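If you want the building blocks of each chain, they are given just below.
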Amino acid sequence: MADDWNSQIIEEFRANQGKVGGPFAGRDLLLLSTIGAKTGRPRTTPLAFVRDGDTLVIVASKAGAPTNPDWYHNIRVNPEVTVEIGAETVDATATPITEGPERDRLYTAMVQVMPGFAEYQEKTDRVIPVVILTTQ
């Protein structure tokens, strides 16, 4: 189900230079391409993001599930990723932040743009990691 859902968003994103409708209409969305930690195959995931200066910030929320999303495990094994924003594709390095004031500040920045992320943190016992994408 999730793969089919993501495939539709990815297709719409690429067809419309980063613009999508539905629940993500008007939101900042990027496509994160990783290498599968177990399979070694490329994986692409649509994700909400915020900017923090020159870096992009994403959150491994998995909608408040008790486990981290697959893409998060992928970046832990291989932090070199590709990011699509609009019609632009760039290489980046993914750096997880799992605790501390910097993680909290960046998570709060995401919540300010998309308040649903506060609910995701409330739904789970894990501290949801923040990931900084530094473009090259």
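To be clear, the structure that these remarks concern was listed above.
**Digging into the packing of helix α3 (residues 101-113) against helix α4 (residues 116-123)**
- Relative to each other, α3 and α4 sit at 130°, their axes nearing to 7 Å. As judged from the angle between their axes, α3 and α4 are oblique. Where α3 approaches α4, its residues R103, Y107, M110 and V111 are matched on the opposing element by F117, A118, Y120 and Q121.
- The residue makeup of the contact of α3 with α4, split by class, is six nonpolar, one polar and one charged.

**Side note on the environment of A87**
- Relative to the helices and strands, A87 is located in the loop between β5 (80-85) and β6 (88-97).
- Overall, A87 belongs to the exposed group, its relative accessible area being 61%.

**Describing the pattern of salt bridges**
- Scanning all chains against the criterion turns up four salt bridges.
- Between R105 and D52 there is a salt bridge, with its nearest N and O atoms 2.9 Å apart. Here D52 lies in strand β3 (residues 50-52) and R105 lies in helix α3, a separation of 53 residues in the sequence.
- On the basis of relative accessibility, which here comes to 26%, the residue D52 falls in the partly exposed class.
- Of the charged contacts in the structure, one is a salt bridge between D104 and R103, with a shortest N-O distance of 3.1 Å.
- On the accessibility criterion, D104 (40% relative accessible area) is partly exposed.
- For R103, a relative accessible area of 6% corresponds to the buried category.
- One salt-bridge network, in which partners are shared between bridges, spans D52, E102 and R105.

Calculation criteria
Residues numbered from 1 in each chain as written. Predicted model: local features only at pLDDT ≥ 70, side-chain atom pairs only at ≥ 80, totals over all residues. Heavy atoms only, no water. Axes fitted to C-alpha atoms, helices over the stretch in contact; angles between N-to-C directions. Helix = DSSP H or I, 4+ residues; strand = E, 2+ residues; numbered from the N terminus. Parallel < 35°, antiparallel > 145°, perpendicular 65-115°, else oblique. Contact = heavy atoms within 4.5 Å. Nonpolar A, V, L, I, M, F, W, Y, C, P; charged D, E, K, R; others polar. Buried < 20%, exposed > 50% of the residue type's maximum accessible area, 1.4 Å probe, protein only. Salt bridge = Lys/Arg side-chain N within 4 Å of Asp/Glu carboxyl O.

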